[in-house]
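# Per-entry structural report
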Amino acid sequence: MKIRYLATLALAAFVMVSCHKKDEEKLYMDGNMNPGIPAYKVCGTSVQGLTGGITTPSSGVSYYWTNSYNTKDTSWIIPGGTYTFTIPDSLGKFTVTETAMANGYYNDIYNSYVTSIMPWLGGSVVGLPEPKDSIQDARDEQFYHIVEAGNLIWFAENLNYYGAGTGYEGADDMGYVTGRLYTWKEATGGTSGSGLGGGPQGACPDGWSVPTNEDWEDLAKALTGKEYPFMDKWSEVGNYVMSQATFNGDRFWPYSVNTNPKNELGWNALSGGMSQHQHHSFQGLLTYAYFWSSTEKDSNNAYYRYLYFDLPDFPFNFSDKDTPGFSVRCVKKK
């Protein structure tokens, strides 16, 4: 009995070792699957994904894709092929998974996350005041709500001109919600501005300009009735421009005991975040907002103002002209 028991143990150990050895013979794939699916997309629109990206093995790779909202909407795709799916008509965040398979290799998986949006008021964005006036950009026929403040007329939303800049996370459709993000040179065309209404047209529509430091000072006075030099942290002024609006049910400005969003004059500041490294990375959505001034500090840097959900002020700072991407508001004299 003892000999048989030992033999049984030896056989079990051999089977375990053999199994481990067989598993260890599998290899890992190399390469980078990136189907290019946008992070934000308008409800009901079509999206196309691209298969491929695995370099090892160089052949024999099969791709399979699925999504989290329609389990029937799946298929096998040849390398270098495309697949198309439709974003649901409801708001939400969905997962699209692409899987690469090959004999002798572990599967490689790439998950894309897509947030559906409804770009009109009352869709993804809820809680902004009813707009009273608007203008149409003749270049692309987009409409912008506008508001009078002091000696100027301001856009009541961020610029979304597709001729420059990028949407948040590189998603063009997100521009309909928070506008596009522009480097200073993209925003101004590389031209500095000064004086009331003296900014360059830059990326703004004809007859409008990128605000100067003096334009920003005029806005602060219109909001509060007080004189504020541009080179000041503008204590409490952030409260006057922050909105209580929500994006797909989440507050643009998360609750903080330090802030009290009032959205005076309907200026509608939303936390559109920023881009970095010439639009190669993004951060700050639903936390920060950054707005360019067309006034340069020196040949390499330009001024901007920013908002933070936990800060009641509206401070200024400066940054280089080529790297970060900020929001743009357009202005013109009354």
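Residues numbered from 1 in each chain as written. Predicted model: local features only at pLDDT ≥ 70, side-chain atom pairs only at ≥ 80, totals over all residues. Heavy atoms only, no water.

## Looking at the overall build of the chain
The number of helices and strands found in the chain is five helices and 21 strands. What you see for the chain is a C-alpha radius of gyration of 26 Å, clearly larger than the 20 Å of a compact globule of 334 residues, by over 25%. Within the span of the chain, comprising 334 residues, buried residues form 46% of the whole. Long-range contacts, defined here as pairs at least 24 residues apart, represent 59% of the contacts in the chain between residues at least 6 apart. Accessible area for the chain stands at about 16400 Å²; split by element, carbon and sulfur atoms hold 50% of it. Both charge centroids of the chain, one from 24 positive and one from 35 negative side chains, sit 6 Å from each other. (Helix = DSSP H or I, 4+ residues; strand = E, 2+ residues; numbered from the N terminus. Rg over C-alpha atoms; globule rule 2.2 N^0.38 Å. Buried < 20%, exposed > 50% of the residue type's maximum accessible area, 1.4 Å probe, protein only. Contact = heavy atoms within 4.5 Å. Areas by Shrake-Rupley, 256 points an atom, 1.4 Å probe, with all protein chains shown as cover. Lys, Arg positive; Asp, Glu negative; His and termini not counted. Charge placed at Lys NZ, Arg CZ, Asp CG, Glu CD.)

## Structural notes on the pairing of strand 18 (residues 288-296)
A large share of strand 18 lies buried, amounting to seven of its nine residues. Here strand 18 runs beside strand 19 (residues 301-308); their pairing, made up of six bridges, is antiparallel. By the bridge assignment for strand 19, Ala289 is matched with Leu307. Between strand 18 and strand 19, which pair antiparallel and follow one another directly, the connecting turn spans four residues. (Pairing = 2+ DSSP bridges.)

## Some details on the nonpolar core
Across soluble globular proteins, nonpolar side chains have a tendency to be buried as a group. Core analysis: the biggest nonpolar cluster contains 42 residues, and Tyr40, Trp154, Trp216, Phe252, Trp267 and Leu307 have the highest contact counts within it. When residues of this core are traced back to their parent elements, those giving at least two are strand 2 (40-42), strand 12 (143-149), strand 13 (152-155), helix 4 (213-224), helix 5 (237-241), strand 17 (281-285), strand 18 and strand 19. Setting aside chain neighbours within four positions, we find Phe252 in contact with Val125, Val177, Thr178, Ala245, Thr246, Phe247, Leu270, Ser271, Leu286 and Thr287. Membership of the second largest hydrophobic core comes to 22 residues, among which are Ala203, Tyr304, Phe326 and Val328. (Core = buried A, V, L, I, M, F, W, Y, C linked by side-chain atoms within 4.5 Å.)

## So, the sheet that holds strand 12
Reading across from one edge, 11-12-13-21 is the order of the four strands in this open sheet, with antiparallel pairing throughout. This sheet does not close on itself; its edge strands, each paired only once, are strand 11 (133-136) and strand 21 (331-333). Along the sheet, successive strands turn relative to each other by an average axial angle of 35°, direction set aside. Pairing of strand 12 with strand 13 involves four bridges; the strand directions are antiparallel. Paired with Ile146 across the strands is Phe155, a residue of strand 13. The strands touched by helix 4 are strand 12, strand 13 and strand 21; relative to strand 13, the strand with the most contacts, the crossing angle is about 95°. (Axes fitted to C-alpha atoms, helices over the stretch in contact; angles between N-to-C directions.)

## Some remarks on helix 4
Look at helix 4: 17 Å from first C-alpha to last across 12 residues, which is about the 16 Å you get at 1.5 Å a residue. Those residues of helix 4 lying buried are Asn213, Asp215, Trp216, Asp218, Leu219, Ala220 and Leu223. Summarising the contacts, the buried residues of helix 4 are in contact with strand 12, strand 13, helix 5, strand 18, strand 19 and strand 21. Taken from the residues just after helix 4, Gly225 is the one with a positive phi, measuring 80°. (Expected span 1.5 Å × (residues − 1).)

## A few points about the pattern of salt bridges
Following the criterion strictly, the structure yields eight salt bridges and no others. One salt bridge connects Lys321 with Glu296, and the closest N-O pair in it is separated by 2.5 Å. Of the two residues, Lys321 sits in the loop between strand 20 (316-320) and strand 21 while Glu296 sits in strand 18, which places them 25 residues apart along the sequence. (Salt bridge = Lys/Arg side-chain N within 4 Å of Asp/Glu carboxyl O.)

## Some points on the state of the cysteines
If you walk through the whole model with that rule in mind, you get one disulfide. Disulfide pairing is shown between Cys204 and Cys330; the S-S distance is 2.2 Å. Across the disulfide from Cys204 to Cys330, rotation about the S-S bond amounts to roughly -90°, and the bridge is consequently left-handed. In this pair, Cys204 is assigned in the loop between helix 3 (184-188) and helix 4 and Cys330 in the loop between strand 20 and strand 21, connecting sequence segments 126 residues apart. Neither Cys204 nor Cys330 differs from the other in exposure class; each is buried. (Disulfide = S-S within 2.5 Å.)

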